[in-house]
Amino acid sequence: MKMMAVILAAGKGTRMHSDKPKVLQTVLGEPMLRHVREALRPVCGDDVLIVVGHRAELIEAAFAGERFVRQTEQLGTGHALMQALPALRAAGCEMALVVNGDTPLLRTETAARFMREAEGADLAFATISLGEPGAYGRVVRDAEGRVQAVVEAKDYDMERYGAPTGEVNAGMYAVRLELAEALLPRLSNANRSGEYYITDLIGLAAAEERDVRGVQCGGDESLMGVNSPRELAAAEECMRAAVVSELLDKGVLLHAPALVRVSPLADIEPGAELSGPCDILGASRVERGARIDAYCVVRDSHVSSGAEIRSFSHLEQARVGQGALVGPYARLRPGALLERNSHVGNFVELKKARLGAGSKANHLTYLGDAEIGEGVNIGAGTITCNYDGRNKFKTVIGNGSFIGSNTALVAPVTVGENTLVGAGSVITSDVADGELAIARGRQKNMPRKG
Ligand code: UD1
Ligand code: CA
């Protein structure tokens, strides 16, 4: 039976008090939707449709390459699924796995187990048991334990349904397409929210004596829904602690582990050493024997073995080679490449710049759009002037050169190998291999007046 996943992500998320669509709120540096998408990848591969609506263009831009369906008016979760029907039908889907986009803790195992339990059912949904049902939809079963309906918290009538049991709807459903097509047009919005609820499918299907299953997933926190800043913070702490525990299990050295925040997308090898507080986000990779000190933020970067990232450094899309030293207080921006044993010190910024093996830029420097060879010394306060207000230009410095302090290299400019550039120079034309270049006003000394 051909299965496809549908992620409901069109809602605004009013309770977040934010202009961003709720599913773009981040947990450990990634939008909630990314976590849901990645959890489903092993289960559904590329057979995933995302229903978007509120500020759809922002989500579509952040998830380029995914398949989207638009729900132009957010009339409820049932209405959202309805918008996906034509695309599901066209793709030959027979069974849809529908997941709320605001369940960032969803685990692949949970989704896979749920699908196994749902096999053969007309409609299955995951349930969790909570002490307090809160704002979740409440599961109503008959005396034999058969599911009769899911009733939203706002619409729950104690007299009609009795005291709620604590079993609630987790927001994950497996539904035969044929059943969805038959029942979705019958949904009504005559309820407290004035919305078409996906959960009403359950009561309709049960009334028709279809095979409806509430798959109990215990107190599984991986199905927690995130609707408010408090729930977002709780979900983030939950994921953070789980990632840290996995890192410790596999042999990563952690100091102040309660303050270490590592994305589940990051790859930290056993024998790497991290000190909290620090953020290692995105698809970062930290090799065995690399060290990242406290107060660093590392995103989508690769830190090789033996490299040290000292406190207060900020790395984004950077590569740090073996044995390189970075910081304290360094900033490596996209395209920074530090080769083996190079050094970048305090208040040094690199952008699209390669620093060759053993080269050093230790103090107060900006290197942008630059190719710097091996064994080069970049003096304090050196600046590559790469921008003329319209375009960016490149600076090249050959192996073994020594750039004196407070040099401005006005790009495009090439400084050859084994050159010496005098301190305070403004270099506007190329320097050939082995030359000494000085470009500054000559010092004049004269008797002091008065
Ligand atoms: C929903 C369920 C509730 C369940 C809970 C689990 C309904 C009616 N209720 O409630 O039974 O216990 O999830 O977390 O479904 N969305 C759309 N289009 C819309 C409205 C919502 O795509 O028109 C998306 C949202 O972006 C969100 C998801 O659907 O990702 C769930 O919507 P939300 O408003 O958070 O539903 P809950 O009130 O949490
Ligand atoms: Ca929700």
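Residues numbered from 1 in each chain as written. Chains lettered and ligands numbered in written order. Predicted model: local features only at pLDDT ≥ 70, side-chain atom pairs only at ≥ 80, totals over all residues. Heavy atoms only, no water.

Undergrad: Kindly report on the overall build of the chain, identifying the contributing residues and their values.
TA: Looking only at helices and strands, the chain has eight helices and 37 strands in total. By its C-alpha atoms, the chain is 105 × 55 × 45 Å across when sized along the principal axes. Taken over 450 residues, the chain has a buried fraction of 49%. Counted over contacts in the chain with a minimum sequence separation of 6, partners at least 24 positions apart contribute 42%. Between the averaged position of the 50 positive side-chain charges in the chain and that of its 56 negative side-chain charges there is a distance of 8 Å. (Helix = DSSP H or I, 4+ residues; strand = E, 2+ residues; numbered from the N terminus. Buried < 20%, exposed > 50% of the residue type's maximum accessible area, 1.4 Å probe, protein only. Contact = heavy atoms within 4.5 Å. Lys, Arg positive; Asp, Glu negative; His and termini not counted. Charge placed at Lys NZ, Arg CZ, Asp CG, Glu CD.)

Undergrad: Got a sec to walk through a nonpolar patch on the surface? Specific residues and values, please.
TA: Nonpolar side chains collect at one region of the surface, where Tyr-295, Phe-312, Tyr-329, Phe-347 and Leu-364 lie side by side and expose about 530 Å² of accessible area between them. Mapping Phe-312 onto the fold places it in the loop between β21 (308-309) and β22 (314-316). Judged by relative accessible area, Phe-312 falls into the partly exposed class, the value being 39%. (Patch = residues over 30% accessible without salt bridge, like charges linked within 9 Å, V, L, I, M, F, W, Y side chains within 5 Å. Areas by Shrake-Rupley, 256 points an atom, 1.4 Å probe, with all protein chains shown as cover. Salt bridge = Lys/Arg side-chain N within 4 Å of Asp/Glu carboxyl O.)

Undergrad: Which residues make up the state of the cysteines, and what values do they have?
TA: Counted by the stated rule, this structure contains zero disulfides. Free of any disulfide, Cys-238 has its nearest cysteine sulfur in Cys-217, 15 Å distant. (Disulfide = S-S within 2.5 Å.)

Undergrad: Can you break down the nonpolar core residue by residue, with the values?
TA: Soluble, globular proteins show a tendency: their nonpolar side chains are buried together. Within the largest apolar cluster, 60 residues are counted, with the highest numbers of intra-cluster contacts made by Ile-268, Leu-274, Leu-332 and Leu-350. When residues in this core are grouped by element, the largest group, six residues, is from helix α8 (residues 229-250). A domain split of this core shows at least three residues from each of domain 1 (3-223) and domain 2 (339-450). Once residues lying within four places of it in the same chain are set aside, the contact partners of Leu-350 are Arg-331, Leu-332, Arg-333, Ala-336, Leu-338, Val-344, Leu-355 and Leu-367. (Core = buried A, V, L, I, M, F, W, Y, C linked by side-chain atoms within 4.5 Å. Domains from an automatic or database assignment.)

Undergrad: Please set out the coordination of the calcium ion (ligand 2) residue by residue, giving values where relevant.
TA: For the calcium ion (ligand 2), the protein coordination sphere consists of Asp-102 (OD) and Asn-227 (OD1), at 2.2 to 2.4 Å. Highlighted residues: Asp-102 in the loop between β6 (95-100) and α4 (108-118) and Asn-227 in the loop between β11 (212-216) and α8, separated in sequence by 125 residues. A relative accessible area of 10% places Asp-102 in the buried class. Take Asn-227: its relative accessible area is 18%, and that puts it in the buried class. (Donors = N, O, S within 2.8 Å, 3.2 Å for Na, K, Ca; no water.)

Undergrad: Could you give me a rundown of the packing of aromatic side chains, with the residues and numbers involved?
TA: The full count for this structure, using the stated rule, is four aromatic pairs. Seen in terms of ring centroids, Tyr-295 and Phe-312 are 4.9 Å apart; in terms of plane orientation they differ by 5°. Their pairing is stacked. One end of the pair, Tyr-295, is in the loop between β18 (291-292) and β19 (296-299); the other, Phe-312, is in the loop between β21 and β22, and 17 residues separate them in sequence. On the basis of an interplanar angle of 20° and a centroid distance of 5.2 Å, the ring pair of Tyr-329 and Phe-347 is categorised as stacked. Here Tyr-329 is found in the loop between β24 (325-326) and β25 (330-332), whereas its partner Phe-347 is found in strand β27 (residues 343-355), with 18 residues between them in sequence. Residue class for Tyr-329 comes out partly exposed when judged on its relative accessible area of 38%. Members of the aromatic cluster, joined through ring pairs, are Tyr-295, Phe-312, Tyr-329 and Phe-347. Positioned above the aromatic ring of Tyr-387, the side-chain terminus of Lys-392 is 5.2 Å from the ring centre. (Phe/Tyr/Trp six-rings, centres within 6.5 Å; stacked < 30°, edge-to-face > 60°. Lys NZ or Arg CZ within 6 Å of the ring centre and 35° of its normal.)

Undergrad: Kindly report on the site of ligand 1, identifying the contributing residues and their values.
TA: Lining the immediate surroundings of ligand 1 are 25 residues, of which Gln-71, Gly-76, Thr-77, Glu-152 and Asn-169 lie closest. One of the backbone nitrogen or oxygen atoms of Ala-10 is found 2.9 Å away from an oxygen atom of ligand 1. Protein chains shield 89% of the accessible area of ligand 1, which is 750 Å² for the free molecule. The cavity where ligand 1 resides is the largest pocket. The set of elements that each furnish at least two residues to the shell around ligand 1 consists of α3 (77-90) and β10 (167-176). A per-element tally of the shell around ligand 1 places β10 first, with three residues. In the shell around ligand 1, the residues fall into nine nonpolar, twelve polar and four charged. (Near = heavy atom within 4 Å. Polar contact = N/O pair within 3.5 Å; in protein donor to acceptor, adjacent residues only side chain to side chain. 1 Å grid on protein atoms, 1.4 Å probe; cavity = no way out; pocket = protein on both sides within 12 Å on 5 of 7 lines; lining within 4 Å. Sits in = over half its atoms within 2 Å of the grid points. Nonpolar A, V, L, I, M, F, W, Y, C, P; charged D, E, K, R; others polar.)

Undergrad: Residue-level account of the domain arrangement of the chain, with values.
TA: In terms of domains, the chain is made up of domain 1 (3-223) and domain 2 (339-450). Domain 1 and domain 2 are separated by 58 Å when their C-alpha centres are compared.

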